[in-house]
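Geometric and topological summary
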Amino acid sequence: MNNRSADELIDQENHAWPELKALMDQGGNTYTYVPAKPEMGKNTLHQLQVSTRSYLGAVAYETEGMVVDRGWITLLGAGGESVYGSLTSWNGLSAELAVEALPGMMVVAYDVAGGFFALDTGKYGGTGQIYYFAPDALEWESTELSFSEFMTWLAEGDLQLFYETFRWKGWQEDMVQLGKGQVFAYFPPLWTKEGSGKKSSRAPVHIAEAWKAALEAK
């Protein structure tokens, strides 16, 4: 496989970023991002070997990451001060690893309930679809979405409905409890009969703790 340089992967004429930014701006869900430092964006593209013609390449090159829906979902990018980890450090592609990589999956986002979104690069046949590690089921479930469709869902999907059983009254205000690289642990856990967003108590834990469950899932 030819290892393309970052400059070869930056397609100025067909850059997906303007289209993707317009999609996020027009969507009903809130989002914020910090622009990536150019050298980090270039390095991320090179490590991933994706072009800026794709939404994935645009996110990797243009952003440190994105925070969607008042902080509930963090989308990984080139990494930096604003986000814990990056597309490379979550997936075994950089010297500094954020977490232990999961073979056959490329993590692209995580949420504060301890859920993770990852592209199937081989674990489930290499479908290229986004799978969600559901903290209430302790298993990976296919969303049947490509990465670009996933971005459309982040922009305008019904996230409240998707996360209905994980959320509680006043969750927006409670987000201030989380530091960088932290998510909520639920007690009782969401996968128990007694556990739910409305009934369980919650405490911040490092995301590496939540990730252990995803690593062990079949």
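Residues numbered from 1 in each chain as written. Predicted model: local features only at pLDDT ≥ 70, side-chain atom pairs only at ≥ 80, totals over all residues. Heavy atoms only, no water.

As annotated in an unreviewed UniProt entry, the protein chain is DUF2625 family protein from Paenibacillus amylolyticus.

Some details on the side chain of threonine 74
The topology assignment puts threonine 74 in strand β3 (residues 73-76). You can call threonine 74 buried: its relative accessible area is 10%. The contacts of threonine 74, once residues within four sequence positions are left out, are Met66, Val67, Val83, Val108, Ala109 and Tyr110. (Helix = DSSP H or I, 4+ residues; strand = E, 2+ residues; numbered from the N terminus. Buried < 20%, exposed > 50% of the residue type's maximum accessible area, 1.4 Å probe, protein only. Contact = heavy atoms within 4.5 Å.)

A word on helix α8 (residues 207-216)
Listing the buried residues of α8 in full gives Ile207, Ala210, Trp211 and Ala214. Buried residues along α8 cover an arc of 100° about the axis, so they all sit on one side. On its buried side, α8 packs onto β4 (105-111), β5 (116-120), β6 (130-134), β7 (139-145), β8 (182-187) and β9 (201-206). (Arc of directions from axis to C-beta.)

Topic: unusual backbone geometry
A cis amide bond, omega -5°, links phenylalanine 187 with the succeeding residue proline 188. Following the sequence through the fold, proline 188 ends up in the loop between β8 and β9. At arginine 70, a position not held by glycine, the phi torsion is positive, near 55°. Position of arginine 70 relative to the elements: it lies in the loop between β2 (63-68) and β3. Look at glutamate 144: it is not a glycine, yet its phi comes out positive at around 60°. Looking at where glutamate 144 falls in the secondary structure, it is placed in strand β7.

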